[in-house]
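A closer look at the structure
These are the residues of each chain, in order.
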Amino acid sequence: MRLLFVRSRTAFTLIELLVVIAIIAILIGLLLPAVQKVREAAARMKCQNQIRQLAIGLHNYHDVHNTLPSSYDITNGLSWYVYVLPFVEQDPQFKAMNTAPGGTFTSTNRLNPHGLTRISAFLCPSSPIDRMATMAPHNVNTPEIIGTPAQGTYTTHYYGITGPRGTNSATGTAYPVTTGTHDGVPMALSGMFVVTPLSVRLTDVTDGTSVTLMLGEMSWFSSVYGTRYRTWLRGGDIGGSFACSARNVTNAINSGLRANMIAAYSDVPMGSMHPGGASFAMGDASVRFVSESIDMNVYRAIASRNGGEVANQ
Amino acid sequence: MNPRATTTRLTARAGLVLALFLVVGCGSDEKLSQVSGTVTYDGKPVPAGTIFFDPVAGGAKSQGFATIKNGEFDTAQGGRGLGAGKFQVRVLGFDGKEANDAPLGRSLFPEHTQSHEQTGANATLDIKVLKTPKGQ
């Protein structure tokens, strides 16, 4: 009996202890990357919820005005984000702004102080940048950096889709674009956010709203060029041929992020810091995560509202 | 026959089928090959710009791209390669003198397009953009 008692008090050997520590270390090592993945998955979910709320807000705007907004208001240069504010529970912000033709600010709204208001519903939580780049040496956006000390105005990460630019794979003809160009590139005309003064009604989306892109995520960050973000309320220059609040579908998702390239403003590609693609809202306000390796002809087909393509998804 | 041997053989077959699915399953990723070369405008190297390869319907799927630096591009350098098929090439060229609101400088010429065919092997492509007289 006494012998048994002594045996039961035998301690761990050093080897046993080390093995236990090693096993615990391996388990923690497995757990830590998983925690990081969960964080990113949660951020992506929040991002997709935000783009969905914005798309539902646009549907409510359509219910009231019987049309989607133009990419911006030609009379005062304000973006469509301003006009959707009352429909995404930002009514006080909308009331604080001057939306009269001409406005009280500069014609381009570049220096509108409301640009210093951060609207978190317009910003992807995974993006490292939420305002215009102010850092040297690629401080290429000085006109919209305001205040003392100088601050970059807050931007948005969800953009209207002006449509595809390139060849329609169903008909072999070029998709329609504006005659005016900016950086040598025109704006597309066959998407859901056409350049002012035109606007799209949901009945104009003959390809079907559930297979047509309405909003796309552009929240990637180029450490070299600052990604050319603009203040969220800026729509474009009055009479201009580009929009700050909408982009063409010309270049592959994340192509700018991968090659660190920025050239034509209207063609800046969609992309995000979420691994492997970006979030998009379809015309019926459903949200999809589109892979960066999507067939380019399918990507163009779902960007057009009336191209007559069969989108084989 | 021994039932245990039958079970083992069945398991082995199931494993083989599963392995086949795993190998074949992700067939949507196309095999990419690289393309590199030079871009000149009016006989001189283009200092900065972008080059995109749009797949023509029925051929390759994803878009290839690269940046142009000092008249040279290579899809293996931070860009993406091309599947096999016909492509339309789009080239934008800039003077490389960074200015306010122009990260690559001023545009040298309107978007240049031409066709390209990638056979599946790595290729080289030398693009010569000609200077067009004003009014054309």
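Nothing here was measured: the structure is a model prediction, and the numbers come from that model. (Residues numbered from 1 in each chain as written. Chains lettered and ligands numbered in written order. Predicted model: local features only at pLDDT ≥ 70, side-chain atom pairs only at ≥ 80, totals over all residues.)

**Observations concerning the overall build of chain B**
- Counting its regular elements, chain B contains 1 helix and 8 strands.
- Counting helices and strands in the order they occur from the N terminus, chain B gives α-β-β-β-β-β-β-β-β.
- When the 136 residues of chain B are sorted by exposure, 32% land in the buried category.
- Sequence separation of at least 24 residues holds for 62% of the intrachain contacts in chain B that already meet a minimum separation of 6. (Helix = DSSP H or I, 4+ residues; strand = E, 2+ residues; numbered from the N terminus. Buried ≥ 20, exposed ≤ 12 C-beta atoms within 10 Å, placed from the backbone. Contact = placed C-beta atoms within 7 Å.)

**Structural notes on the overall build of chain A**
- Of the regular secondary structure elements, chain A holds 6 helices and 9 strands.
- Sequence separation of at least 24 residues holds for 73% of the intrachain contacts in chain A that already meet a minimum separation of 6.

**Some words on the nonpolar core**
Residues and elements named next belong to chain A.
- Counting residues in hydrophobic clusters, the biggest one holds 94 residues, and the most contacted among them are Leu 54, Val 84, Ile 161, Met 214, Leu 215 and Ala 281.
- Here the element with the most residues in this core is helix H2 (residues 14–65); it accounts for 6 residues.
- Membership of the second largest hydrophobic core comes to 5 residues, among which are Met 132, Ala 133, Ile 145 and Tyr 229. (Core = buried A, V, L, I, M, F, W, Y, C linked by C-beta atoms within 7 Å.)

**Concerning the environment of Ile 21 of chain A**
- Tracing the chain through its elements places Ile 21 of chain A in helix H2.
- Sequence separation between Ile 21 of chain A and Asn 297 of chain A is 276 residues, and the spatial gap between their C-alpha atoms is 54 Å.

**Quick notes on the sheet that holds strand E8 (residues 277–282) of chain A**
All names here are of chain A.
- Pairing within the open sheet is mixed, and its 5 strands lie in the order E7-E3-E6-E8-E9. Here the strands that pair on one side only, and so sit at the sheet edges, are strand E7 (246–249) and strand E9 (287–291). If you compare each strand with its neighbour and ignore which way they point, the axes differ by 40° on average.
- Summarising the sheet, strand E3 (residues 158–164) and strand E6 (residues 213–217) pair through 3 bridges and their orientation is antiparallel. Bridge pairing links Gly 160 to Leu 215 in E6.
- Strands in contact with helix H6 (residues 296–303) are E3, E6 and E7; relative to E3, the strand with the most contacts, it is inclined by about 100°. (Pairing = 2+ DSSP bridges. Axes fitted to C-alpha atoms, helices over the stretch in contact; angles between N-to-C directions.)

**Points about the interface of chain A and chain B**
- With 24 residues of chain A at the contact, the number on the chain B side is 27 residues.
- When residues of the side of chain A that touches chain B are traced back to their parent elements, those giving at least two are helix H5 (255–259) and H6 of chain A.
- Broken down by element, the residue count for the side of chain A that touches chain B peaks at 3 residues, all from H5 of chain A.
- Here the residues of the side of chain A that touches chain B are counted per class, giving 10 nonpolar, 11 polar and 3 charged. (Nonpolar A, V, L, I, M, F, W, Y, C, P; charged D, E, K, R; others polar.)

**Structural notes on H6 of chain A**
- Burial within H6 of chain A is extensive, with 7 of its 8 residues counted as buried.
- Those residues of H6 of chain A lying buried are Met 296, Asn 297, Tyr 299, Arg 300, Ala 301, Ile 302 and Ala 303 of chain A.
- Looking at the packing, one finds that the buried side of H6 of chain A touches E3, E6 and E7 of chain A together with strand E3 (48–55) of chain B.

**Quick notes on the environment of Pro 176 of chain A**
All names here are of chain A.
- Assignment of secondary structure puts Pro 176 in the loop between E3 and strand E4 (177–182).
- You can call Pro 176 partly exposed: it has 17 C-beta atoms within 10 Å.
- Sequence-wise, Pro 176 and Gly 147 are 29 residues apart; in three dimensions their C-alpha atoms are separated by 41 Å.

**Here's the deal with the environment of Phe 65 of chain B**
- With respect to the helices and strands, the residue Phe 65 of chain B is situated in strand E4 (residues 64–69).
- In this structure, the C-alpha to C-alpha distance between Phe 65 of chain B and Arg 80 of chain B, residues 15 residues apart in sequence, is 5.4 Å.
- Beyond its immediate sequence surroundings of up to four residues, Phe 65 of chain B is in contact with Asn 251, Ala 252, Ser 255 and Ala 259 of chain A together with Ile 51, Phe 52, Phe 53, Gly 79 and Arg 80 of chain B.

**Side note on unusual backbone geometry**
All names here are of chain A.
- Phi angles above zero are rare outside glycine, and Asn 254 is one such case at about 70°.
- Locating Asn 254 in the fold gives a position in the loop between E7 and H5.
- The class for Asn 254 is buried, based on 23 C-beta atoms found within 10 Å.
- Backbone geometry at Ala 285 places phi at a positive 70°, although glycine is not the residue there.

**A short note on the confidence of the model for chain B**
- For chain B, per-residue confidence averages 80 on the pLDDT scale, and 76% of positions sit at 70 or higher.
- For this predicted complex, the interface score ipTM comes out at 0.79, alongside a pTM of 0.82. (pLDDT = per-residue confidence, 0-100.)

**A short note on H2 of chain A**
Residues and elements named next belong to chain A.
- Over its 52 residues, H2 runs 76 Å from end to end, which matches the ideal 76 Å to within 8%, given 1.5 Å per residue.
- Along H2, the residues classified as buried are Arg 44, Cys 47, Gln 50, Ile 51, Leu 54, Ala 55, Gly 57, Leu 58 and Tyr 61.
- Tucked into the core, H2 has its buried residues touching helix H3 (80–84), E3, E6, E8 and E9.
- Immediately downstream of H2, the backbone of Asn 66 shows phi near 65°, a positive value. (Expected span 1.5 Å × (residues − 1).)

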